[in-house]
Amino acid sequence: MQYRRLGKAGMKVSAVSLGGWINFGEGKVPDDEARRIVERAYELGINYFDLADIYGKGGAERQMGEILRQFPRHTLVIATKVFWPMSDDVNDRGLSRKHIMESIDKSLQRLGTDYVDIYFCHRPDPETPIEETVRAMDDLIHQGKVLYWGTSEWSAAQIVEAYEICERYNLYKPQVEQPQYSMLWRENVEKHLLPVVEPRGIGLVVWSPLAMGMLTGKYDEGIPADSRFAREPWAAERYLTEENREKVRRLKRIADELGITRAQLALAWVLRLNAVSSVITGATKVSQVEDNARAADVVLTDDVLAEIEAILGNAPTSEHA
Ligand SMILES: NC(=O)c1ccc[n+]([C@@H]2O[C@H](COP(=O)([O-])OP(=O)(O)OC[C@H]3O[C@@H](n4cnc5c(N)ncnc54)[C@H](OP(=O)(O)O)[C@@H]3O)[C@@H](O)[C@H]2O)c1
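Here the structure is a predicted model, which means the values were calculated and not measured.

A. Expanded view of the UniProt feature "domain: NADP-dependent oxidoreductase" (unreviewed entry) in the protein chain. Here, the residues flagged by UniProt with the feature "domain: NADP-dependent oxidoreductase" (unreviewed entry) are residues 16-311. Strand forms 14% of residues 16-311 and helix 46%; the C-alpha atoms that close the span are 24 Å apart.

B. The side chain of Thr 80, seen in detail. By the element assignment, Thr 80 lies in strand β5 (residues 77-82). A relative accessible area of 0% means that Thr 80 is categorised as buried.

C. A look at the packing of aromatic side chains. Taken as a whole, this structure holds 7 aromatic pairs when the rule is applied. Summarising the aromatic geometry, the rings of Tyr 181 and Trp 269 are spaced 5.6 Å apart at their centres and angled 25° between planes, so their arrangement reads as stacked. Within this pair, whereas Tyr 181 is found in the loop between β8 (176-178) and α6 (187-200), its partner Trp 269 is found in helix α10 (residues 262-270), the two being separated by 88 residues in sequence. Each member of the pair, Tyr 181 as well as Trp 269, is classed as buried. The rings of Trp 185, Tyr 219, Phe 229 and Tyr 239 are connected pair by pair, giving a single aromatic cluster. Against the face of Tyr 169 rests Arg 135, its NZ or CZ located 4.7 Å from the ring centre. Positioned above the aromatic ring of Tyr 163 is the side chain of Arg 200, whose terminal nitrogen or guanidinium carbon lies 5.6 Å from the ring centre.

D. Spotlight on the site of the ligand. Taken together, 33 residues lie around the ligand, and Asp 50, Ser 208, Lys 218, Arg 231 and Thr 284 are the ones closest in. For the ligand, whose free accessible area comes to 920 Å², the fraction covered by protein is 96%. Comparing atom positions with the cavity grids shows the ligand to sit within the largest pocket. Of all elements in the fold, only α7 (228-231), β10 (276-281) and α11 (286-293) reach the threshold of two or more residues within the shell around the ligand. Ranked by residues supplied to the shell around the ligand, first place goes to α11 with 3 residues.

E. Spatial organisation of the layout of surface pockets. Put simply, the largest pocket is a space of about 760 Å³. What lines the largest pocket is a set of 42 residues, and nearest its centre among them are Trp 21, Ser 208, Met 212, Arg 228 and Gly 282. Mapped onto the lining of the largest pocket, the elements with two or more residues apiece are α7, α8 (233-239), β10 and α11. If you tally residues by element for the lining of the largest pocket, the top one is α11, at 4 residues. Split by residue class, the lining of the largest pocket holds 15 nonpolar, 17 polar and 10 charged. Taken as a whole, the second largest pocket holds about 200 Å³ of empty space.

Conventions and cut-offs
Here the residue numbers are simple positions, counted from 1 along each chain's written sequence. pLDDT decides what is reported in this predicted model: residues at 70 or higher carry local features, side-chain atom pairs at 80 or more are listed and counted, and totals for whole chains, interfaces and linings draw on all residues regardless. Each side-chain value is derived from all of the structure's non-hydrogen atoms; neither hydrogens nor water enter the calculation. UniProt positions are given in the numbering used here, feature names are shortened, and annotations may be inferred rather than shown by experiment. Helix numbering and strand numbering both begin at the N terminus, where a helix is a DSSP run of H or I of at least 4 residues and a strand a DSSP run of E of at least 2. Buried, partly exposed and exposed residues are distinguished by accessible area as a fraction of the type maximum, computed with a 1.4 Å probe on protein chains only: under 20%, between the cut-offs, and over 50%, respectively. Think of it this way: a Phe, Tyr or Trp ring, Trp meaning its six-membered ring, pairs with another when their centres are within 6.5 Å, and the plane angle makes it stacked under 30 degrees, edge-to-face over 60, tilted otherwise. Only Lys NZ and Arg CZ are tested; either one counts as a charge over a ring when it is within 6 Å of the ring centre and within 35 degrees of the ring normal. Only a single heavy atom is needed: when it lies within 4 Å of a molecule or strand, its residue is near that molecule or strand. We get accessible surface area from the Shrake-Rupley algorithm with a probe of 1.4 Å; when it comes to residues, only the shown protein chains can shield them. Think of a 1 Å grid over the protein atoms and nothing else: a 1.4 Å probe that fits but is trapped marks a cavity, an open set flanked by protein within 12 Å on at least five of seven lines marks a pocket, and residues with an atom within 4 Å of a point count as lining. If over half the atoms of a molecule are within 2 Å of the grid points of a cavity or pocket, the molecule is regarded as sitting in it. Grid points are joined across faces, edges and corners, and a volume is the space filled by probe spheres set on the points. Residue classes follow a fixed rule: Ala, Val, Leu, Ile, Met, Phe, Trp, Tyr, Cys and Pro count as nonpolar, while Asp, Glu, Lys and Arg count as charged, and any other residue, Gly among them, counts as polar.

What follows is the structure in structure tokens.
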């Protein structure tokens, strides 16, 4: 496994990490397979496990937390998130000081740990001033409940605003942003985020780097019954176009020539960016986590990257693209 710093912070995360969304805490993956997936991930050197309070309404934190408890705490980077409504209560949502302070204690209890390594604001909250949220995050770091804080799906402008408030008042700055990014979902990262996060030393840990499975080639000929697109038709609607299918089919030749799988090709392609600290993958089977973990060893040459670009044909216009 390869380990990368979280932006300019000292803490290192595995270049390939494992997330608990959808596959954990909702009973979709049998408990014993979920346990084997996490244990195998750890064996393969994955140290970063990504959760959120909303995943299975607390269920994913509970399930993964219970499995992770067997490992020495210092060997784990555990992340969770706050924002989405956890009940119908008017204050049980968003990024107010009240919701953040109450949510962290519930997450820590479900996870069975005294602190989380990274606490993410799961979305921007238009109903709370950014300064209120930033001060709550800074307080949690002073209290020792959180080591680093970050944002997820915040715009470049919102990240800059948070960062500047921290500079002005000498508060802990956001250390990481968690955006969606893959061969099929590029614009926000390449065009808007890179110019903002790189100069500030903010790392990126990216979600759905396999486009929810699309990039593995499993949908080349249709939708297998035991697959995410079968279980979550909205995910198929997002990615499963004939154009994307054709691109993924054409990527097979490159992967075959390199002697790797298309999943490894897709993950290594994301990891080509220095700003990316980790690709957060999902898995419903042990074999998937084994396949994905090996992507950390793959280096793509400029020639191969150019071949991939010719197939994708979707580079956003920017100096970084
Ligand atoms: N911050 C946010 O708003 C946000 C949003 C979404 C996700 N996330 C984070 O990102 C994590 C990953 O998201 P994701 O699950 O969508 O990521 P992904 O890695 O793009 O997709 C994972 C799915 O692809 C399939 N798969 C994975 N590896 C495979 C392989 N080697 N061969 C064949 N199929 C493979 C599996 O689906 P099957 O079911 O078909 O087996 C798996 O569940 C989440 O768990 C969560 O921690 C964050």
